[in-house]
Structures are given as structure tokens and as C-alpha cells.
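Structural characterization, general
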Amino acid sequence: ESQIVLYGLGGLPSKRSVTLFDAQDALVGTRFYSLGLGSEFSYSFFNRPKRNLIFVFQNRFLHFFKRSLAPILPADAKVEPGNVTDLLFTLQYRFKTNLFEAGYNSTFFSNQAILLKTREIKSHWALRNSVYANFIHLFKRCPGINKPILFGGGLNIGKSNKFDTKIFSAWLNLSLIF
């Protein structure tokens, strides 16, 4: 059994204004408009009441639109944040009320530049690789609420050679099912 999904994405800035204090802040993703598209392909190797195994491939492409970042840059300069492309490969295994998931994500950053009145300063593309693992357990009845809940946690490790960055994150999640 397989499934294909296509979707579109749009992003609006969560904050539009820029001040000198923002020079040391992460601006991409919070101050830019964006448009994108993506797709997902999933294939179920087996799907039984007690267990299943599913492979998922997702990709997305986002384009961020250029804008002025005055007063950080001169008023006539623009920043072109470029594009972000993600490729995600995931394997999910469910056994009864437990879900195990592991995946690999490669993220490409491309076409980034600062556009000055006299010249363009372009950046070479960059790649960030990440791997993650996640576990979720379904409790059929939560004491006191008498509703099912999902409880789980996971780990993510990422690395980018171009910027010599390493990312480690961990999370816990709790979801109440109505």
C-alpha cells in the first residue's frame, strides 16, 4: 500500500521591523515572506492490527523573498535569503501501542546573497545533515481524564561542515486525544 501527497507552503513574517539590536539575531524565517511546495511518498511494507512498517520520503522547496534590512545594512541594500530544500527519509515501526521512528534529513541552502548598490556578495550553497529517532507510546486511558494520550520523546543530531555547526536536540511530547 502506498500514498502520494502534494502540498503548497506560504510563510508570512512573524516580525517585519528590523533594529540595530537584531544584527546578532537569526533573521531568516522570522522577517521574510516565502513560498514553497512539497511532496510526500509513503509505502507500507506490511500493515497488520498488531504491527506495521512504513517508509516515508518527504521533500520540500522554500523560496524566501529578498528585502531591505536597514538599519543593519545600508538603506539601498537588500538581502536575498535564497532557497531551502529538504529531503527527509523516515522508517516507522509500530508494535501494538508503541511507535518507533528513525530518519535522515538533508537540508540544502542555496542562492543566498547580499545585494549592494555597487556589487553582489553571493554565498556558496551549504548542506546540513541530520539524523533523528523518536518513540511514542499510546496510553489508552489517562487517569483522571479518561481519554487516550500519546507520550514520547526523541533525539536529533545535525551537522553542517560549511559553518562548522553541530546541533543536538531532545524533546518530550504529550498529546491528548479527544
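Structure first, text after, so check above.
Just so you know, these numbers come straight off a predicted model, no measurement behind them.

What follows concerns the sheet that holds strand β6 (residues 98-110). A sheet is described by the order of its strands in space; here eight strands give the open sequence β1-β2-β3-β5-β6-β9-β10-β11, paired in antiparallel fashion. The open sheet has two free edges, formed respectively by β1 (2-11) and β11 (165-176), since each of these has just one partner strand. Averaged over all pairs of adjacent strands, the angle between their axes in this sheet comes to 15°, without regard to strand direction.

Here we take up the environment of histidine 63. Take histidine 63: it is sitting in strand β3 (residues 51-64). Taking the C-alpha atoms as reference points, histidine 63 and serine 106, separated by 43 residues in sequence, lie 17 Å from one another.

By the secondary structure assignment, serine 34 is in strand β2 (residues 34-47). If sequence neighbours within four positions are ignored, serine 34 has contacts with Leu9, Gly10, Gly11, His63, Phe64 and Phe65.

Time to look at the pattern of salt bridges. Overall, the coordinates contain three salt bridges when judged by the stated rule. For the salt bridge of arginine 60 with aspartate 86, the shortest nitrogen-to-oxygen distance reads 2.5 Å. Here the residue arginine 60 occupies a position in strand β3, and aspartate 86 occupies one in strand β5 (residues 82-95), the gap between them amounting to 26 residues. For the salt bridge of lysine 166 with aspartate 164, the shortest nitrogen-to-oxygen distance reads 3.9 Å. Judged by its relative accessible area of 62%, lysine 166 is exposed. We classify aspartate 164 as exposed; its relative accessible area is 59%.

Conventions we followed
Residues numbered from 1 in each chain as written. Predicted model: local features only at pLDDT ≥ 70, side-chain atom pairs only at ≥ 80, totals over all residues. Heavy atoms only, no water. Pairing = 2+ DSSP bridges. Helix = DSSP H or I, 4+ residues; strand = E, 2+ residues; numbered from the N terminus. Axes fitted to C-alpha atoms, helices over the stretch in contact; angles between N-to-C directions. Contact = heavy atoms within 4.5 Å. Salt bridge = Lys/Arg side-chain N within 4 Å of Asp/Glu carboxyl O. Buried < 20%, exposed > 50% of the residue type's maximum accessible area, 1.4 Å probe, protein only.

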